[in-house]
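# Structural features, examined
Residue-level listing of the chains:
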Amino acid sequence: MVSRALVIGVGVYDDGSHIPGYPTIEASARAYGAALALDPRWGASARSTVLERDEVRTADSVMRALHEAAAAAESAEDTLLVVYVGHGNYWPDVPGGQVHFALGSSRSNEPWTWLSAWYVYRAIRKSRAGLKILIADCCYSNILPYLGPESALPGALGTRSQGTCVLTAVSGQVHSAWALACPNLPSPLDTCTPFSGHLLNVLDQGMPTHSDDLTLGALRAGIGARMGDCGDHPRPRMLLNDAPESASLFTNRARGREPQRPAPTTVAAWVSELLLNGTHRLSELMDRPALAGGAAAQLRLGDDQSRELARSIGRKAGESLSDPHDFVAYWDEFERTTLGRV
């Protein structure tokens, strides 16, 4: 396995750029590097690179590092992880209207000095890694598209675009990602941006009710729950293309793993379980088709995360509910709950 991780943190800008720098950005990049080095899934068997300040100054140096990391992952067993922390911007009058990432040499309101997401996406897509992840902690990350064929971005598609995930700091119509540190996080994560700090706190603390690995679904659920409990933080967003929520990304470092709780017995309890812990218990939910239908209907009316969970339930129901009575029970409850809420 030749998995690679590349961390790009741009927190310092040239004089006259009129772009504010934040120490939280570089602190976040360093913290990602430290977390990856401690994780057996990454530190022992993969190469993780945190770009230095001079390496994030120009598009050429960033893209050279990105192409090198993407080319190093060569098989379906490999993972390519790219993390960007910094400023994001969006100019609707620029051709394609794509999100742009700030570089050290970028200048405010001069889009040609920024790095277009098109080039980042193209480099990631060209990798042969079976799982490709982009984590974007920046403003306007809510309008970053899928990495796969559904994306509005053209480029290197084909089979190598399969198995992709985009995890962003903001979702819905919230364009601004917070850059000031969250004081509720433990040291040294209280020097990071809120999204990265809470994500890294999930990695550090682990999730006691999960297995040995933290999956994509668990990671999203854990970040969303902890940011929601912390205060008025924007909710993160995750876009998946042929990458299952059950795909493992990090090691679960939870101390004193708790025994798995009994399966919930109500629709409301299942909705809470799925929002908090992701989809790793979907097989148990399928044992109660009516509850599954009700949970899917309720989640379908929620935010991006909730709607993706509803789609996951629907896919699982289509795969596993082979008994016609179970399938009818699922859809009867789905329609009854949906009609009852319209």
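Right above here is the structure, for reference.
Residues numbered from 1 in each chain as written. Predicted model: local features only at pLDDT ≥ 70, side-chain atom pairs only at ≥ 80, totals over all residues. Heavy atoms only, no water.

Moving on, we get to the overall build of the protein. Per the secondary structure count, the protein includes eleven helices and eleven strands. Relative to a compact globule of 342 residues, whose C-alpha radius of gyration would be 20 Å, the protein shows 20 Å and is just as compact. Referenced to the eigenvectors of the C-alpha coordinate spread, the extents of the protein come out at roughly 65 × 45 × 40 Å. The buried share of the protein, taken over its 342 residues, is 54%. In the protein, once contacts between residues fewer than 6 apart in sequence are set aside, the share between residues at least 24 apart is 72%. Taken as a whole, the protein presents about 14900 Å² of accessible surface, with 52% of it coming from carbon and sulfur. (Helix = DSSP H or I, 4+ residues; strand = E, 2+ residues; numbered from the N terminus. Rg over C-alpha atoms; globule rule 2.2 N^0.38 Å. Buried < 20%, exposed > 50% of the residue type's maximum accessible area, 1.4 Å probe, protein only. Contact = heavy atoms within 4.5 Å. Areas by Shrake-Rupley, 256 points an atom, 1.4 Å probe, with all protein chains shown as cover.)

Reading across the sheet, the six strands line up as β2-β1-β3-β7-β8-β10 and stay open at both edges, with mixed pairing between neighbours. A single partner strand is all that each edge strand has here, and the edge strands are β2 (47–50) and β10 (237–241). Taking the axes of each pair of neighbouring strands and ignoring which way they run, one obtains an average angle of 10° across the sheet. Pairing of strand β1 (residues 4–9) with strand β3 (residues 79–85) involves six bridges; the strand directions are parallel. (Pairing = 2+ DSSP bridges. Axes fitted to C-alpha atoms, helices over the stretch in contact; angles between N-to-C directions.)

Within the structure shown, the criterion is met by zero disulfides. The thiol of Cys-139 is unpaired, and the distance to the nearest cysteine sulfur, on Cys-138, comes to 7.1 Å. Cysteine Cys-230 remains unbridged, with the sulfur of Cys-182 as its closest cysteine sulfur at 3.4 Å. By relative accessible area, which is 22% here, Cys-230 ends up partly exposed. (Disulfide = S-S within 2.5 Å.)

The linkage connecting Ser-187 with the following residue, Pro-188, adopts the cis geometry, with an omega of 0°. Even without being a glycine, His-18 presents a positive backbone phi close to 60°. Inspection of the secondary structure puts His-18 in the loop between β1 and α1 (23–38). Exposure remark for His-18: the relative accessible area of 69% places this residue in the exposed category. Located in the positive-phi region is Asn-109, a residue other than glycine, with phi close to 65°. Inspection of the secondary structure assignment puts Asn-109 in the loop between β5 (99–101) and β6 (115–116).

Within this structure, the stated rule accounts for eleven salt bridges. The partner of Arg-107 in a salt bridge is Glu-110, and the shortest N-O contact between them spans 2.4 Å. Accessibility expressed as a relative area gives 23% for Glu-110, which makes it partly exposed. Where Glu-333 meets Arg-336, a salt bridge forms, and the shortest distance between an N and an O atom there is 2.6 Å. Pair noted here: Glu-333 and Arg-336 are both in helix α11 (residues 324–341), with a separation of three residues, about one helical turn. Here Glu-333 falls in the buried class, since its relative accessible area comes to 16%. Since its relative accessible area comes to 54%, Arg-336 is described here as exposed. (Salt bridge = Lys/Arg side-chain N within 4 Å of Asp/Glu carboxyl O.)

Across the sheet, which stays open at both edges, the three strands sit in the order β4-β5-β6 with antiparallel pairing between neighbours. Either end of the sheet is taken by a strand with one partner, and the two such strands are β4 (88–90) and β6. Note that β4 and β5 share three bridges and pair antiparallel. Across the sheet, the residue bridging to Tyr-90 is Val-99, located in β5.

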